[in-house]
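A look at the structure
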Amino acid sequence: MPQCLCVFQGKILGLLFYLFDKKHREIAFKNLFLALGKKKTAVELKKTTRRSFIHFGEFFFSMINFSSVGTSHRLKFINVEGEHYLDDALKQNRGVILISAHYGSWEIAPSFLSLKAPVNVIVRPLDNPVIEKMIQKIRMNIGAKVLTKFNASKHILRVLSKNEMVAILMDQNVLRSQAVFIDFFGKKAAATPGPAIFHLRTGAPLVPVFCIPVKQSKYLIKIMEPLNFTSTGNVEDDIVKITQTCTKIIEDQISEEPRFWLWFHDRWRTRPIDPSAED
């Protein structure tokens, strides 16, 4: 199916979800108000909420379409910015930790990235096994190798030692027992410390990557300069610092074009135990 037709069908699907999924529509608006309420009017926030739903419908159909065509065809729709940063990171021969978010068209990125080195994507399996199997097949067809987040540490260390890449989306809420609390749009959010822990343990550079939809059904893969941190000897402080730095990069990218982020995820659900640490 032509990519432009997939995009059109996806927009319709996203709009339908916006109109009929009241629960997630309200979560999205609440999150947008929390993050951008001081900068945008209620009308603007409502518009961004609707556009976010439409974008993810569009993205879902595009992802399915991408998985059904060959690499050479997919690359016709992709432009890359900052490719040399990834090349330099891989030259260190320590593997690469790709930092990204549920932003834009993140599932499309392995189409290009996997040409550099294997891309191992850390995911949480969906509750529905049928849909999970379908999504996993789509990811693999696009170029990703899938690792579930449960008990993944050994596998992550192994693939990094082989100079492969590990992609971690670190913009979602996690359980308090697994989290470090950092600032995200001015409010404390529970974030995974995984990228920081693996960076400190292996020395693998942290490379922020975002895949952004652009005009004419094309995509821009934006690869940013690798992040390298020197240990201070205080592991807990180092983990918080690294996680905060990565989260700020994600926040800045979301701020550039808010409609591309997953606002209907309940990002601030887990709260700190100490109320004084809230903000």
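Refer to the preceding data block for the structure.
Everything numeric here is computed off the predicted structure, so don't read it as measured data. (Residues numbered from 1 in each chain as written. Predicted model: local features only at pLDDT ≥ 70, side-chain atom pairs only at ≥ 80, totals over all residues. Heavy atoms only, no water.)

Points about the pattern of salt bridges
Counting across every chain of the model gives 11 salt bridges. With its nearest N and O atoms 3.0 Å apart, the salt bridge here joins Arg 139 to Glu 107. Taken together, the residues Arg 139 in helix H7 (residues 129-142) and Glu 107 in the loop between strand S2 (96-100) and helix H6 (110-113) connect sequence positions 32 residues apart. Like Arg 139, the residue Glu 107 is buried in the burial classification. (Salt bridge = Lys/Arg side-chain N within 4 Å of Asp/Glu carboxyl O. Helix = DSSP H or I, 4+ residues; strand = E, 2+ residues; numbered from the N terminus. Buried < 20%, exposed > 50% of the residue type's maximum accessible area, 1.4 Å probe, protein only.)

A few points about helix H8 (residues 153-161)
Residues Ile 156, Val 159 and Leu 160 constitute the buried set of H8. Seen along its axis, H8 keeps its buried residues to an arc of 100°; they face one direction. Exposed side of H8, more than 90 degrees from the buried face: Lys 154 and Ser 161 are the residues found there. Looking one or two residues beyond H8, the residue adopting positive phi is Asn 163, at roughly 60°. (Arc of directions from axis to C-beta.)

As for helix H10 (residues 235-256)
For H10, which comprises 22 residues, the first-to-last C-alpha distance of 32 Å matches the rise-based estimate of 32 Å (1.5 Å per residue) to within 8%. Turning to H10, its buried residues number three or more, namely Asp 238, Ile 239, Ile 242, Thr 243, Cys 246, Thr 247, Ile 249, Ile 250, Glu 251, Gln 253 and Ile 254. On the buried face of H10, the contacting elements are S2, strand S6 (180-184), strand S7 (187-191), helix H9 (194-202), strand S8 (206-214) and strand S9 (218-223). (Expected span 1.5 Å × (residues − 1). Contact = heavy atoms within 4.5 Å.)

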